Amino acid sequence: MSEYRATVRWQRATHEAFVDNHYSRAHDWHFDGGATVAASSSPQIVPLPYSVAENVDPEEAFVAALSSCHMLFFLSFAAKRGLVVATYEDQASGVLAKGADGRLCMTEVTLRPNVAFVGEVLPGRDVIERLHHRSHEACFIANSVTSRVRVDLSRQD
């Protein structure tokens, strides 16, 4: 079993009353390797200027975590098959909507990976589809959520 940690830090500015709900949602995520990510609520949820559009919001991070996990398994499985991946790009998206219980949740995430291979052995579409299926099945994050996670290979060359 592994354990993962992140430290989330927010501090109220002295000029903010807070109880009027007019305060900045900007905060930082700190990770054990030393990376710090500027975060905020989504401007689609909390309007500007109380959100910071340039910062990563939890919904974007959720989509990125699913995409990243899937990609890392895909790269590993491709390497084990002797396939050389030159580039991997995923224009992933997520939908925030009301769930069956009426509460807002990330109802669906669509991964749109586009993978380019090089070398003597180039996989056919069937092999690529199997690698993506296997990656989805193995992804820790996808196995942890109730959101529907789709892999759309229409961008695949």
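As the structure is a computational prediction, the values presented were derived from the model and not from experiment.

Undergrad: Looking at this structure, how should I read the packing of helix H1 (residues 58-80) against helix H2 (residues 125-138)?
TA: The description of two helices packed together rests on the angle between their axes and the distance between the axes. Two elements in contact, H1 and H2, have axes whose closest approach is 8 Å; the angle formed by their N-to-C orientations is 130°. With respect to H2, the axis of H1 lies oblique. Of the two elements, H1 crosses H2, and the hand of that crossing is right-handed. Across the interface between the two elements, His70, Phe73, Phe74, Phe77 and Ala78 from H1 touch Ile128, Leu131, His132, Arg134, Ser135, His136 and Ala138 from H2. The residue makeup of the contact of H1 with H2, split by class, is 7 nonpolar, 4 polar and 1 charged.

Undergrad: Please explain the nonpolar core as it appears in this structure.
TA: In globular proteins that are soluble, nonpolar side chains generally tend to be buried together. Grouped together as the largest cluster of nonpolar side chains are 20 residues, with contacts concentrated most on Phe74, Ala78, Leu83, Phe117 and Leu131. Within the residue set of this core, elements represented by two or more residues are H1, strand S6 (104-111), strand S7 (113-118) and H2. The element contributing the most residues to this core is H1, with 7 residues. Apart from the residues within four sequence positions on either side, Phe74 is in contact with Val85, Tyr88, Val115, Phe117, Ile128, Leu131, His132 and Ser135.

Undergrad: Looking at this structure, how should I read a nonpolar patch on the surface?
TA: Together, Trp10, Phe18 and Val19 make up a nonpolar patch on the protein surface, roughly 330 Å² of accessible area in all. Along the polypeptide, Trp10 turns up in the loop between strand S1 (6-9) and strand S2 (27-31).

Undergrad: I tried to follow the pairing of S6 on my own but got confused; where do I start?
TA: Regular strands place side chains that alternate from one sheet face to the opposite one. Two strands pair when backbone bridges link them, and strand S5 (residues 93-98) and S6 are joined in this way by 6 bridges, in the antiparallel orientation. The residue bridging Ser93 from the neighbouring strand is Thr110, located in S6. Taken together, S5 and the strand that follows it, S6, pair antiparallel across an intervening segment of 5 residues, in which Gly102 is found at a positive phi of about 90°. Inspection of the sheet shows S6 paired to strand S8 (residues 148-151) by 4 bridges, in the parallel sense. Each bridged residue has a counterpart across the sheet, and for Thr110 the counterpart in S8 is Arg150.

What counts as what
Residues numbered from 1 in each chain as written. Predicted model: local features only at pLDDT ≥ 70, side-chain atom pairs only at ≥ 80, totals over all residues. Heavy atoms only, no water. Axes fitted to C-alpha atoms, helices over the stretch in contact; angles between N-to-C directions. Helix = DSSP H or I, 4+ residues; strand = E, 2+ residues; numbered from the N terminus. Parallel < 35°, antiparallel > 145°, perpendicular 65-115°, else oblique. Left-handed = near helix turned anticlockwise from the far one by under 90°. Contact = heavy atoms within 4.5 Å. Nonpolar A, V, L, I, M, F, W, Y, C, P; charged D, E, K, R; others polar. Core = buried A, V, L, I, M, F, W, Y, C linked by side-chain atoms within 4.5 Å. Buried < 20%, exposed > 50% of the residue type's maximum accessible area, 1.4 Å probe, protein only. Patch = residues over 30% accessible without salt bridge, like charges linked within 9 Å, V, L, I, M, F, W, Y side chains within 5 Å. Areas by Shrake-Rupley, 256 points an atom, 1.4 Å probe, with all protein chains shown as cover. Salt bridge = Lys/Arg side-chain N within 4 Å of Asp/Glu carboxyl O. Pairing = 2+ DSSP bridges.

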